[in-house]
Amino acid sequence: MHELFAIFGNPVHHSRSPLMHNLAFKTLGYPGCYTRWRLEEGEMLRETFFRLGLKGINITVPHKEAAFEAADVVEPFAAEVRAVNTLVLEDGKLHGFNTDAPGFYRALQRLGEVRSALIMGAGGTARALSLYLRSRGIDVEVVNRSARRLKWFEAEGFVSHTWEGFEAKAHDVVINTTSAGLEDDALPMPRALLDAALGQTAYAVDVIYGKETPFLKEAKRLNLLTFDGSQMLLQQGIIAFDHFTGHRYTLDRIEAAMRPFLQL
Ligand code: NDP
C-alpha cells in the first residue's frame, strides 16, 4: 500500500513539490505518492487532510498559519513563528514543522562560514529566517522599504532600519527576502544602498526562484558567490521528506535522490 502525500496551497498548480518528492520516492524505492491540492479555505485544512486519507502534506501560501492552527503537536521553532509548512500524521496526531528556515540554513552552509547577515525585507520569510539564523549564532541586521513591518523585529531585539536610516556595514551574506524582482524588474533597495551593501559581503542569496532577479544579476556582476530560491526549495523539501519517511534515510541520501529535480 502506498502512502499519500500532497501540497496544499492556493494557487498550487505551479508547485514543483510533487516532482521533487515523487522523484525521491522512486529513486529510494519508498512506497509513496505525492500530489497537489488547491485548498480555498484554511479552516478546511484538517478535515481535507483526513478526508483524502493522507500521510503528510506540505503547505504553501496562504495557508501556513492555518496549518499551524490545525496541528496537534508543533515543534518549538514552528510554534515560535506560528507558521507550519509540513504536517505528518503519526499515531493519529498531526505533527507540525517549519522546514523553510532550516532548509535555507542548510543551503547557506554550503557557501562557507557565515557569522553575520543582512536581511532585506520584513515579511513572513524574513521573520522566520531572522529567528532561525540567530538561533544558529548568526548576527542578523534587517533593512526594509517601510517602517510598519519593522516593529516586530525591534520587539525581538534585532537591529533594523528603513532605507532612510540605513548605512551599509560589512556582512558575510546579504539575503533578499523581498518580493522585488518577482514580477517586475525592481531592485530590493535603491541601487546606491544596495551596491554599498554588496560591496562589503562575500555572498548574496535570493529566496525567489524561477527567474534570475535584478538583485542576483547585480551580485553576479560584482563576482559574489550566490544561490537562488531553488536551493531553499530543495533543502526545505529534503527536511520535509525526512519527516514524511520517519527518518530512515540520511539527509545526504535524500538530497542525492531529490537534487536531480532541479534539472527537470
Ligand atoms: P511578504 O509579503 O510577507 O513580504 C514582502 C516584503 O517585500 C516586505 O518586506 C515588503 O516591504 C517587501 N517588498 C515588496 N515589494 C518591494 C519592492 N518593490 N522593493 C522593496 N521591497 C519590497 O512576503 P513573504 O515573506 O511571504 O515572501 C517573500 C518572498 O519569498 C516571495 O518572493 C516568495 O516567493 C519567496 N519565498 C520563497 C521560498 C522558497 O522556498 N524559495 C519560500 C517562501 C517564500 P514593505 O514592508 O515595505 O511592503
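Note that the structure is a prediction, hence the values are computed from the model and not measured. (Residues numbered from 1 in each chain as written. Predicted model: local features only at pLDDT ≥ 70, side-chain atom pairs only at ≥ 80, totals over all residues. Heavy atoms only, no water.)

## Examining the packing of helix α10 (residues 229–244) against helix α11 (residues 251–258)
Packed helices, taken two at a time, are described by the angle between their axes plus the distance between the axes. Relative orientation of the contacting elements α10 and α11 amounts to 120 degrees, with a least axis distance of 9 Å. In terms of orientation, α10 lies oblique with respect to α11. In this structure, α10 crosses over α11, and the sense of that crossing is right-handed. Of α11, the residues touching α10 (which contributes Leu 234, Gln 235, Gly 237, Ile 238, Phe 241 and Asp 242) are Leu 251, Ile 254, Glu 255 and Met 258. In terms of residue class, the contact of α10 with α11 is built from six nonpolar, two polar and two charged. (Axes fitted to C-alpha atoms, helices over the stretch in contact; angles between N-to-C directions. Helix = DSSP H or I, 4+ residues; strand = E, 2+ residues; numbered from the N terminus. Parallel < 35°, antiparallel > 145°, perpendicular 65-115°, else oblique. Left-handed = near helix turned anticlockwise from the far one by under 90°. Contact = heavy atoms within 4.5 Å. Nonpolar A, V, L, I, M, F, W, Y, C, P; charged D, E, K, R; others polar.)

## So, the domain arrangement of the protein chain
Along its sequence, the protein chain is organised into domain 1 (3–98 + 230–263) and domain 2 (102–227). Averaged C-alpha coordinates put domain 1 and domain 2 at centres separated by 26 Å. Between domain 1 and domain 2, the residue contacts involve 15 residues of the former and 13 residues of the latter. For the domain 1 and domain 2 pair, buried surface summed over both sides reaches about 1300 Å², with 71% attributable to carbon and sulfur atoms. Looking only at domain 1, the three residues that lose the most surface to domain 2 are Phe 77, Met 232 and Gln 235, adding up to 40% of its buried area. Linking Arg 106 and Glu 255 is a salt bridge whose minimum nitrogen-to-oxygen distance equals 2.6 Å. Inspection of the region where domain 1 meets domain 2 yields three residue pairs in polar contact (both at pLDDT 80 or more). (Domains from an automatic or database assignment. Buried area = accessible area lost by both parts, 1.4 Å probe. Salt bridge = Lys/Arg side-chain N within 4 Å of Asp/Glu carboxyl O. Polar contact = N/O pair within 3.5 Å; in protein donor to acceptor, adjacent residues only side chain to side chain.)

## Concerning the sheet that holds strand β5 (residues 86–90)
Two orientations exist for strands paired in a sheet by backbone hydrogen bonds: parallel and antiparallel. Pairing within the open sheet is mixed, and its six strands lie in the order β2-β1-β3-β5-β6-β4. The sheet is open, and its two borders are formed by β2 (32–38) and β4 (73–74), each paired with just one other strand. As paired elements, β5 and strand β6 (residues 93–97) share five bridges and run antiparallel to each other. Across the sheet, the residue bridging to Thr 86 is Phe 97, located in β6. Contacts between helix α1 (residues 17–28) and the sheet are confined to β1 (3–9), β2 and β3 (56–59), with β2 contributing the most and set at about 170 degrees to the helix. (Pairing = 2+ DSSP bridges.)

## Examining the side chain of Asp 100
By the secondary structure assignment, Asp 100 is in helix α5 (residues 100–109). There is a polar contact of 2.8 Å between the side chain of Asp 100 and the side chain of Lys 64.

## Focus: the packing of aromatic side chains
Scanning the model with the defined rule gives 13 aromatic pairs in all. Taken together, a centroid distance of 5.6 Å and an interplanar angle of 25 degrees make the contact between Phe 25 and Tyr 30 stacked. Of the residues examined, Phe 25 reaches a relative accessible area of 2% and is grouped as buried. Residue classification places Tyr 30 among the buried residues on the basis of a relative accessible area of 7%. Three or more aromatic residues joined by ring pairs make a cluster, and in this case those are Phe 5, Phe 25, Tyr 30, Tyr 34, Phe 241, Phe 244 and Tyr 249. (Phe/Tyr/Trp six-rings, centres within 6.5 Å; stacked < 30°, edge-to-face > 60°. Buried < 20%, exposed > 50% of the residue type's maximum accessible area, 1.4 Å probe, protein only.)

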